[in-house]
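Chain by chain, the residues run as shown.
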Amino acid sequence: MDGIVELQRQLVEYTTSLYDEGFLDDQFIQLQQLQDESNPDFVVEVVSLFFEDSQRLLNELANSLEQQSLDFRRVDAHVHQLKGSSSSIGAQRVQGACIMFRNYCEVQNVEGCLKCLQHVKNEYSLVKSKLETLFKLEQQVLAAGGTIPMP
């Protein structure tokens, strides 16, 4: 029993750090609240779709920014879509990086867009890694016979 309590404590501390460090916001809590016994993998499924969609959008952004005649409206549309999907799962830092990216699209600043693409990629990689770790911790708690403490 002590092992389960320790795992749950680690999970709560790790989850709290994700909010404290700005990786996640309250939208992620709302997502968690939609999960129940009838759909126990809801959050993992939604976040997995976010990962797939984000990777596709990041690839499209990279390709768009490499074009000779840069279509800033197209780039902005991709960034807007990424901003929306990151917002829907509570990936706050990715969303913030997208807002900055869109500002550079608006003024058609190629250099700024390229820098922002790197920043968005970095923030995406960080939140992806953090969420994967969170899901592994949750699985450890469940495998030990515990329950996931809700925020």
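One numbering rule holds for all chains: residues counted from 1, following each sequence as written. In keeping with the predicted nature of the model, local features appear solely for residues at pLDDT of at least 70, side-chain atom pairs appear and are counted solely at 80 or more, and the whole-chain, interface and lining totals rest on all residues. As a rule here, side-chain values come from all non-hydrogen atoms in the structure, and water together with hydrogens is ignored.

Asker: Quick rundown of the overall build of the chain? Include the residues and the values.
Answerer: Under the DSSP-based scheme used, a helix requires at least four consecutive residues in state H or I and a strand at least two consecutive residues in state E, with every element numbered from the N terminus. When its secondary structure is counted, the chain shows six helices and zero strands. When the helices and strands of the chain are read in sequence order from the N terminus, they spell out α-α-α-α-α-α. Along the first, second and third principal axes, the C-alpha atoms of the chain reach 60 × 30 × 20 Å. Burial analysis of the chain (151 residues in total) assigns 40% to the buried set. Between two residues, a contact is recorded if the distance between any of their heavy atoms is within 4.5 Å. Within the chain, contacts between residues at least 6 apart in sequence are counted, and of these 67% link residues at least 24 apart. Counted as positive: Lys and Arg. Counted as negative: Asp and Glu, with His and the chain ends omitted from the count. Where a charge sits is defined by one atom per residue type, namely NZ (Lys), CZ (Arg), CG (Asp) or CD (Glu). The positive charge centre, built from 12 side chains, and the negative charge centre, built from 22, are 9 Å apart in the chain. A 1.4 Å probe rolled over the protein chains alone gives each residue an accessible area, and that area as a share of the maximum for its type sets the label: buried under 20%, exposed over 50%, partly exposed in between.

Asker: Can you break down the layout of surface pockets residue by residue, with the values?
Answerer: We place a 1 Å grid over just the protein atoms. Points where a 1.4 Å probe fits but has no way out form a cavity, open points with protein on both sides within 12 Å along at least 5 of 7 lines form a pocket, and any residue with an atom within 4 Å of a point lines it. Grid points are joined across faces, edges and corners, and a volume is the space filled by probe spheres set on the points. Estimated volume of the largest pocket: approximately 410 Å³. Lining the largest pocket are 17 residues, and of these Gln35, Pro40, Glu138, Leu142 and Ile148 lie nearest its centre. Of all the secondary-structure elements, those providing two or more residues to the lining of the largest pocket are helix H2 (26-33), helix H3 (42-65) and helix H6 (110-143). The element that contributes the greatest number of residues to the lining of the largest pocket is H6, accounting for five residues. Three classes are used: nonpolar for Ala, Val, Leu, Ile, Met, Phe, Trp, Tyr, Cys and Pro, charged for Asp, Glu, Lys and Arg, and polar for all others, with Gly counted as polar. Broken down by class, the residue content of the lining of the largest pocket amounts to nine nonpolar, four polar and four charged.

Asker: Describe the UniProt feature "domain: HPt" (unreviewed entry) in the chain, and please don't skip the residues or the numbers.
Answerer: What UniProt calls "domain: HPt" (unreviewed entry) maps, in this numbering, to residues 39-144. Helix makes up 86% of residues 39-144 and strand 0%, whereas the separation of the span's terminal C-alpha atoms amounts to 20 Å. UniProt positions are given in the numbering used here, feature names are shortened, and annotations may be inferred rather than shown by experiment.

Asker: Lay out the nonpolar core with the relevant residues and their values.
Answerer: The nonpolar side chains of a soluble globular protein tend to be buried with one another. Ranked by internal contacts, the top residues of the largest apolar core, which has 42 residues, are Phe28, Val47, Val75, Phe101, Leu131 and Leu134. Looking at this core, the elements that each hand over two or more residues are helix H1 (2-20), H2, H3, helix H4 (72-89), helix H5 (92-106) and H6. For this core, the leading source of residues is H6, giving eleven residues. Excluding its chain neighbours within four sequence positions, the residues that come into contact with Leu131 are Leu24, Phe28, Val47, Phe51 and Ile89. We define the nonpolar core as a collection of buried residues of types Ala, Val, Leu, Ile, Met, Phe, Trp, Tyr and Cys that are connected through side-chain atoms lying within 4.5 Å of one another.

Asker: Tell me about the pattern of salt bridges, residues and numbers included.
Answerer: By definition, a salt bridge exists where a carboxyl oxygen of Asp or Glu is found within 4 Å of a side-chain nitrogen of Lys or Arg. Summed over the entire model, instances satisfying the criterion amount to eight salt bridges. Put simply, Glu123 and Arg93 hold a salt bridge, and the shortest N to O gap is 2.8 Å. With a gap of 30 residues between them, Glu123 in helix H6 and Arg93 in helix H5 connect regions that are remote in the sequence. The exposure class assigned to Glu123 is buried, which follows from its relative accessible area of 9%. In this structure, a network of salt bridges that share partners links the residues Glu6, Arg9 and Glu13.

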